[in-house]
Amino acid sequence: MNRDLFEMIKESMELKDVDITNYSPLTLAYIGDGIYEIIIRTIIVDEANRQVSKIHNAASKLVKAQTQAELVFLLMDDLTEEEQGIYKRGRNAKAITRAKNASMTDYRTATGFETLMGWLYLTGQSQRMMFLIREGLKKLQKKNKTLSVTNEK
């Protein structure tokens, strides 16, 4: 059965239906950040069983704002007009804080990426979200000429 992850969670946890068009871009980014991180962690754990500190370091490299900003630029031609609009809403949202190790440009661009991931997840488009992440990581690997996501294979 090919059910969407969000629908399974909603059903299992008896969550109410919500119109996500009322969600702020930063709320979408919040959930997008979480779902993106769990996908990255899943990929890294699948690559090898190793010390948690090495797993954490590998994941940190891929979830940091700079990498997310790079990913979204590599994906821009693959995004639909609607997806580009969602990304821009997130990128242009006025966040009060920013990551301590990121430029404001990278932080805002990454927020746009996370907003898009959150929107795809909450609209039941997890397959599209997975496709974009997979394609973005492939392009990132090709650009950086790495053999694996974590550079440890």
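To be clear, the structure that these remarks concern was listed above.
These lines cover the structure that appears in this document, whether it is placed above or below. All values reported here derive from a predicted model rather than from experimental measurement.

What counts and what doesn't
Residues numbered from 1 in each chain as written. Predicted model: local features only at pLDDT ≥ 70, side-chain atom pairs only at ≥ 80, totals over all residues. Heavy atoms only, no water. Salt bridge = Lys/Arg side-chain N within 4 Å of Asp/Glu carboxyl O. Buried < 20%, exposed > 50% of the residue type's maximum accessible area, 1.4 Å probe, protein only. Helix = DSSP H or I, 4+ residues; strand = E, 2+ residues; numbered from the N terminus.

1. Describing the pattern of salt bridges
Summed over all chains, the structure comprises 7 salt bridges. Between Asp17 and Lys10 there is a salt bridge, with the nearest N and O atoms lying 2.5 Å from each other. Overall, the relative accessible area of 65% leaves Asp17 in the exposed class. For Lys10, a relative accessible area of 14% puts it in the buried group. Among the salt bridges present, the one from Arg128 reaches Glu83, with a minimum N-O distance of 2.8 Å. Of the two residues, Arg128 sits in helix α7 (residues 126-144) while Glu83 sits in helix α5 (residues 81-91), which places them 45 residues apart along the sequence. Taking relative accessible area as the criterion, Glu83 reaches 3% and is therefore assigned buried. A network of salt bridges, in which partner residues are shared, links Glu7, Lys10 and Asp17.

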